[in-house]
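The residues making up each chain are set out below.
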Amino acid sequence: MRPAELDLDLDVFAGPFDLLMTVVLREEVALAEVELGEIVIAYLEHVEEQGELDLEAATEFLVLIASLLELKSRLLLPAAEEEELQMAPEEAAEELLARLLEYRRYRDAAAHLAELFAAGRRYHYRSAPLPPVLRRVALDAARPAYDPDLLAASIGDLLRVPPKPDTSHIRPTVSLEKRLRVLRELLRSRRPLDFDESFGSEDKLTQAVTLFALLEMHKRGEATWEQDALFGRITIEAR
Amino acid sequence: MKLEQVVESLLFLSPEPVGTAELAEACEATEAEVDRALDLLGTALADRGVVLREVAGGWTLASHPDAEEEARRLLAKPKTPPLTQAQAETLAIVAYLQPVSRPEIARIRGVSSESAIQTLTERGLIEEAGRSRFGAVIHRTTPLFERLFGLSGLDALPDPARFDPTPEDEAELRERLLTAGEQRTD
């Protein structure tokens, strides 16, 4: 299928879903038959004709075509080779459908807003500022409440920038080695460990370094950890 | 002087839309009286060159849309460019889901929306509204958005369910996606 037959004006599409929806809803074209390579070639020819590369437009095209490739390949990849990772085509189609429908809601809302904007921009509002006498606080009308010299003497010191405090004596007190040792000690009993229970009362830095230590142990195969949900409990087990 | 005349004077002076409560306070009248005065004022202005509009949570006077060309010639204002589709989609997502983060906008549109967000921000239609709990910048619409789009408030946006496809459309899309999935290469 050549893009000429597809008759796609790539400039008018606002994103991969927009393009996909147009392609999918076209009577005579099945998504499986759309040669994305041809679209790329058509685009390159389009760029060559123009003689200069609009970096922003080119970036958007790259993102668009990459997303489209991903979407299409999900529909087309044979399921046999990657059984575990591969979604059933029905599932992939359902997921895509959900995203398309969500996108479509905002595309149509956008069309509505564009109409409102077209109607609204014909109205012009008064842009003159209020005359000074009517302003609630007119600078000309302001009178000093305090004698400026007295005020300066009173608050002058507050305006001075104090010298920087010396922080050279403060060193980070949390080391990865120490946290590794703590973790290994706790895991020696071979009982699963709850992160919050064990480290919830520690300060943020200690918790963070402990997490780094956990990553290190996971990398070395000393421990595994699980978290069922975002911000859920983290359970650590020795291996 | 009649209340609607006083209200007209106040709106003529105010650079920003004025709420009914503020008008009532200034006129030492009840809000019901101000509402009635606004009604009368709107009717009285029907065949005049100035129109009464309720935008961004208040009342304001605007030039008649039919005088747009002449107004732009007099004030040498360039015609405001229309929104591109990317900008309109981004704006719709911000308007309905605000406050909303950049990644969420990109997820719904399926494409990064940085330049649309930047343009909308430069045009004063959206603004940053702090950061989400994950540190992403979040956005919301501005009062200028409501003014330019002739909205009396954010609740004047139509129910988004209105834009959902009919069950028939949805069934057709599903059918076509499934057909595409079945035509896998051997």
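Bear in mind that the values here come from a model prediction, so they are computed numbers and not experimental data. (Residues numbered from 1 in each chain as written. Chains lettered and ligands numbered in written order. Predicted model: local features only at pLDDT ≥ 70, side-chain atom pairs only at ≥ 80, totals over all residues.)

Colleague: Would you mind showing me how to read the overall build of chain B here?
Modeller: Regarding its fold elements, chain B presents nine helices and five strands. Starting at the N terminus and ending at the C terminus, chain B contains elements arranged as α-α-α-β-β-α-α-β-α-α-β-β-α-α. Within chain B, buried positions represent 30% of all 186 residues. Within chain B, contacts between residues at least 6 apart in sequence are counted, and of these 49% link residues at least 24 apart. (Helix = DSSP H or I, 4+ residues; strand = E, 2+ residues; numbered from the N terminus. Buried ≥ 20, exposed ≤ 12 C-beta atoms within 10 Å, placed from the backbone. Contact = placed C-beta atoms within 7 Å.)

Colleague: Could you clarify how one ought to interpret the pairing of strand 3 (residues 234–238) of chain A in this entry?
Modeller: In regular strands, side chains alternate between the two faces of the sheet. Residues and elements named next belong to chain A. Pairing of strand 1 (residues 193–194) with strand 3, which is carried by two bridges, proceeds in the antiparallel orientation. In the sheet register, Asp194 faces strand 3, and the bridge partner there is Thr235. Sheet topology note: the strand 2 (residues 223–227)/strand 3 ladder contains five bridges and is antiparallel. Residue pairing in the sheet places Trp225 in a bridge with Ile236 of strand 3. The turn joining strand 2 and strand 3, which pair antiparallel and follow one another in sequence, is formed by six residues; a positive phi near 65° is taken by Phe231. (Pairing = 2+ DSSP bridges.)

Colleague: Can you help me understand the nonpolar core in this one?
Modeller: Looking at soluble globular proteins, one finds that nonpolar side chains tend to be buried together. Counting 33 residues, the largest nonpolar core has Tyr106, Ala110 and Leu113 of chain A together with Ala88, Leu91, Ala92 and Ile93 of chain B as its most contacted members. Going through the elements one at a time, helix 5 (89–120) of chain A together with helix 5 (85–97), helix 6 (102–109), helix 7 (114–122) and helix 8 (143–148) of chain B are the ones with two or more residues in this core. With nine residues, helix 5 of chain A is the largest single contributor of residues to this core. Apart from residues no more than four positions distant in its own chain, Tyr106 of chain A is found in contact with Glu89, Ala92, Ile93 and Ile108 of chain B. Listed in part, the 10 residues of the second largest apolar core include Val7, Leu11, Leu23 and Leu38 of chain B. (Core = buried A, V, L, I, M, F, W, Y, C linked by C-beta atoms within 7 Å.)

Colleague: Mind showing me how you'd approach the sheet that holds strand 2 of chain A here?
Modeller: Within a sheet, each strand pairs with its neighbour through backbone hydrogen bonds, oriented either parallel or antiparallel. All names here are of chain A. With respect to topology, three strands assemble into an open sheet ordered 1-3-2, the strand pairing being antiparallel. Every other strand in the sheet has two partners, leaving strand 1 and strand 2 as the edge strands with one partner each. Across the face of the sheet, helix 9 (residues 204–219) comes into contact with strand 2 and strand 3 while running at roughly 120° to strand 2. (Axes fitted to C-alpha atoms, helices over the stretch in contact; angles between N-to-C directions.)

Colleague: How do you make sense of the pairing of strand 2 (residues 58–63) of chain B when you look at a structure like this?
Modeller: Residue and element names in this part refer to chain B. Where strand 1 (residues 50–55) meets strand 2, six bridges bridge the pair, whose relative direction is antiparallel. Bridged to Leu52 within strand 2 is Leu61. The hairpin turn running from strand 1 into strand 2, its antiparallel successor, is two residues long, and Ala56 in that turn takes a positive phi close to 50°.

Colleague: Would you mind going over helix 9 of chain A with me for this structure?
Modeller: A turn of α-helix holds 3.6 residues, and therefore any two residues three or four places apart point the same way. Residue and element names in this part refer to chain A. Spanning 16 residues, helix 9 covers 23 Å between terminal C-alpha atoms, matching the ideal 22 Å at 1.5 Å per step. Residues Thr210, Ala213, Leu214 and Met217 constitute the buried set of helix 9. The arc that holds the buried residues of helix 9, viewed along the axis, is 105°, so those residues lie on one side. Facing away from the buried surface of helix 9 by more than 90 degrees, the exposed residues are Lys204, Leu205 and Lys219. (Expected span 1.5 Å × (residues − 1). Arc of directions from axis to C-beta.)

Colleague: Honestly, the sheet that holds strand 5 (residues 137–141) of chain B in this entry has me stumped. Any pointers?
Modeller: All names here are of chain B. Sheet architecture is open: three strands sit in the order 3-5-4, paired in antiparallel fashion. Of all strands in the sheet, those bounded by a partner on one side alone are strand 3 (100–101) and strand 4 (126–131). The pairing of strand 4 with strand 5 spans four bridges and is antiparallel. Along strand 5, the bridge assignment pairs Ile126 with Thr141.

Colleague: When you look at the confidence of the model for chain A in this model, what are you seeing that I'm missing?
Modeller: Regions with low pLDDT should not have their predicted coordinates read in detail. All names here are of chain A. Per-residue pLDDT for chain A has a mean of 75; in total, 69% of the residues score no lower than 70. Segment residues 1–6 is flagged for pLDDT under 50; beyond a separation of four residues in sequence, or across chains, it makes 13 contacts in the model. Between residues 80–84, whose pLDDT stays under 50, and residues either more than four places distant or in other chains, the model counts zero contacts. (pLDDT = per-residue confidence, 0-100.)

Colleague: Looking at this structure, how should I read the packing of helix 1 (residues 3–13) of chain B against helix 3 (residues 31–44) of chain B?
Modeller: For any two helices packed against each other, one specifies the inter-axial angle together with the distance between the axes. Residues and elements named next belong to chain B. Packing of helix 1 against helix 3 brings their axes to within 8 Å, and their N-to-C directions diverge by 80°. Here helix 3 runs roughly perpendicular to helix 1, going by the angle between their axes. Taking contact as the criterion, the partners of Leu3, Glu4, Val7 and Glu8 in helix 1 are, on helix 3, Glu33, Val34, Ala37, Leu38, Leu40, Leu41 and Ala44. A class-by-class count of the residues in the contact of helix 1 with helix 3 yields eight nonpolar, no polar and three charged. (Parallel < 35°, antiparallel > 145°, perpendicular 65-115°, else oblique. Nonpolar A, V, L, I, M, F, W, Y, C, P; charged D, E, K, R; others polar.)

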